[in-house]
Structure formats: C-alpha cells, structure tokens
Amino acid sequence: MEKMLRIAVQKSGRLSEKSLEIIKNCGIKFGSDSRVLKEQASNFPIEFLYVRDDDIPTYVRDGVADIGIVGRNEYDEQAIDLAIIRDLGFAKCRLSIAVPNDFTYTGLSCLQGKRIATSYPHILAGVLKENKVTASFVQVSGSVEVTPAVGISDAICDLVSTGATLAMNGLREVETIYTSTAVMIGRNEMGDDQKSSILKRLMLRIDAVMRANN
Ligand code: ATP
Ligand code: ZN
C-alpha cells in the first residue's frame, strides 16, 4: 500500500481557506465535511490534519504531520528548526509597533524601558536587541490592543492588516518590524523515501498552480 503524506492545515482561521484552495487547485479531491479533523484525499496519497495554527510547527517537528502551512510569524516565533519548503505568498500581514495617540514616537529607541504587550516576544526581542533597546514584555495571547487602555502596557507589538482595530482602540501604528506570509514547512529530513517522492509530486503541482496565479 502506498504511504500517505500528512499535511497539517489550520482548522479555521485566516489561513484555512487559501491553504485548502491551493491544494484543490492542484486537482486533489477532498473536503466532504468541515467537522472532520483528519481526512484523506480521494485521488492523491495525501492526508489532512486540521488543527490550530500554533500547533503546526510542533506537529511537523514530531512527525505527527509531514508538512504544514503556517504564517511565517508563527514559525519564526516558535524558533523550531524546520525547513521552509515554499513561501506561498498569501495571508500577508505585518507585525507592527503601535502606541497610544498621545505618545510621541520618535523611533524604536523611545521604547527604552517601556512595557510592550505582544504575542510575539521572540521576534520582538530579536528586533529590539538589534537596535540595542531594552524593554519589558507583557505577554498576552490575544486582545493585545486593549492593554495600553487598561494600564498594563505603554505600547504594543501586534499583527496588523488594515489598522482599523488599532484606531478603534485609540492606537496608531508607528513602525513595522516584521512582515509575514504563509509558508509551507517540513522537516529538514523527511526520513522516508516514499513520502519524499509524494512531496515532490505535490510540489510540482503547487508550483504550477502558483505560476498560474501570478
Ligand atoms: P487558531 O485558532 O488556529 O490558533 P489564530 O487566532 O491564532 O487561530 P488567525 O487569526 O486565523 O489565527 O491567524 C492565522 C495567521 O494568519 C496569523 O498567524 C498570520 O500569519 C496570518 N494573518 C494574516 N492577516 C492577519 C491579521 N490581520 N491579523 C492576524 N493574523 C493575520
Ligand atoms: Zn493560533
């Protein structure tokens, strides 16, 4: 029996639709019921695992999945050593510093000694270090934009796509420190010849779909 390549895809969120669309456009047939958490394609040796995006790098590292699609931001934040197989180009967003409207921002150096709320402490720490800025982090996993108003942070560092949420919370975006798109990740060594060859076949199709879209 032919082995299956298992791909981890975000169950429901900003990455889900486009991730599945790319694979559907490869002519691969699947997707009978949105409640299933694992399913096989009917005409290609690939199996889907639908999970939270945060869990995808760990699943790929541990071999629970062979490849996965995540935001580059999540991949870099977790700093798990994997291979980026392709930059898929969708789910563009930026990680930006935002400050309350009455904060006079003159550059990263004015964050020295301040409290910055973020869900991306690892990425932010790298950027601040490069700029020789020392700040304290308030680590939150959501609703980062509310933290200045409740007095637990002086500034935030969060993903933005339009800035509307920032404005609603009395904040303004002052500096982009990182940009992200969705990437396909895998282990540095697949460790299985059959799976490697399935991955090659899949990537030939994905590259053709991406060329056609550009
Ligand atoms: P899950 O329940 O799977 O953990 P989530 O809330 O962490 O979902 P989403 O908000 O669906 O995740 O975002 C998934 C990814 O989509 C982000 O990590 C990022 O790469 C990308 N993304 C694109 N635009 C935005 C945006 N405006 N805000 C947040 N993430 C965005
Ligand atoms: Zn998540």
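Residues numbered from 1 in each chain as written. Chains lettered and ligands numbered in written order. Predicted model: local features only at pLDDT ≥ 70, side-chain atom pairs only at ≥ 80, totals over all residues. Heavy atoms only, no water.

Considering the coordination of the zinc ion (ligand 2)
Surrounding the zinc ion (ligand 2) are the protein donor atoms Asp-53 (OD) and Asp-54 (OD), which sit 1.9 to 2.0 Å from the metal. Given four donor atoms and angles of 74 to 172° at the metal, the environment of the zinc ion (ligand 2) is assigned as irregular. Look at Asp-53 and you get buried, because its relative accessible area is 18%. Residue Asp-54 is classed as partly exposed on the basis of its relative accessible area of 27%. (Donors = N, O, S within 2.8 Å, 3.2 Å for Na, K, Ca; no water. Tetrahedral: all angles 85-135°; square planar, octahedral: opposite > 155°, others 65-115°. Buried < 20%, exposed > 50% of the residue type's maximum accessible area, 1.4 Å probe, protein only.)

Notes on the domain arrangement of the protein chain
For the protein chain, the assigned domains read domain 1 (5-91 + 181-213) and domain 2 (93-179). Contacts between domain 1 and domain 2 engage seven residues on the former and eight residues on the latter. Of the roughly 710 Å² buried between domain 1 and domain 2, counting both surfaces, carbon and sulfur atoms make up 49%. Taken as a group, Asn-73, Asp-76 and Glu-77 account for 69% of the area that domain 1 buries against domain 2, more than any other trio of residues on that side. Applying the counting criterion to the domain 1 and domain 2 interface returns zero salt bridges. Counting across the interface, domain 1 meets domain 2 through seven residue pairs in polar contact (both at pLDDT 80 or more). Grouping the constituent residues of the side of domain 1 that touches domain 2 by class yields two nonpolar, one polar and four charged. (Domains from an automatic or database assignment. Contact = heavy atoms within 4.5 Å. Buried area = accessible area lost by both parts, 1.4 Å probe. Salt bridge = Lys/Arg side-chain N within 4 Å of Asp/Glu carboxyl O. Polar contact = N/O pair within 3.5 Å; in protein donor to acceptor, adjacent residues only side chain to side chain. Nonpolar A, V, L, I, M, F, W, Y, C, P; charged D, E, K, R; others polar.)

Thoughts on the state of the cysteines
In this structure the tally under the stated criterion is zero disulfides. Sulfur of Cys-93: no disulfide; nearest cysteine sulfur belongs to Cys-157 and is 11 Å away. The exposure class assigned to Cys-93 is buried, which follows from its relative accessible area of 18%. We classify Cys-157 as buried; its relative accessible area is 0%. (Disulfide = S-S within 2.5 Å.)

Concerning the packing of aromatic side chains
Tallying each qualifying case throughout the model produces two aromatic pairs. With centroids separated by 4.0 Å and ring planes inclined at 20°, the aromatic side chains of Phe-30 and Phe-48 adopt a geometry described as stacked. Of this pair, Phe-30 sits in the loop between helix H1 (16-25) and strand S2 (38-40) while Phe-48 sits in strand S3 (residues 46-51), placing them 18 residues apart in sequence. By relative accessible area, which is 12% here, Phe-30 ends up buried. Arranged with centres 6.2 Å apart and planes meeting at 5°, the rings of Phe-48 and Tyr-50 form a pair that is stacked. Taking the relative accessible area as the measure of exposure, Tyr-50 reaches 9% and is therefore buried. When the ring centre of Phe-30 is taken as reference, the NZ or CZ atom of Lys-24 above it lies at 4.8 Å. (Phe/Tyr/Trp six-rings, centres within 6.5 Å; stacked < 30°, edge-to-face > 60°. Helix = DSSP H or I, 4+ residues; strand = E, 2+ residues; numbered from the N terminus. Lys NZ or Arg CZ within 6 Å of the ring centre and 35° of its normal.)

Some thoughts on the nonpolar core
With 29 residues, the main nonpolar core has Ile-7, Ile-28, Phe-48 and Ile-206 as its most contacted residues. Residue assignment for this core shows that the elements contributing at least two residues are strand S1 (5-10), H1, S3, strand S4 (67-71), strand S11 (182-186) and helix H6 (193-213). Counting residues per element, this core draws most heavily on H6, at seven residues. When sequence neighbours within four positions are dropped, the list of residues in contact with Ile-7 reads Ile-23, Ile-46, Glu-47, Phe-48, Leu-49, Ile-67, Gly-68, Ile-69 and Met-184. Leu-95, Tyr-120, Leu-128 and Val-133 belong to the second-largest nonpolar core, a separate cluster that totals 19 residues. (Core = buried A, V, L, I, M, F, W, Y, C linked by side-chain atoms within 4.5 Å.)

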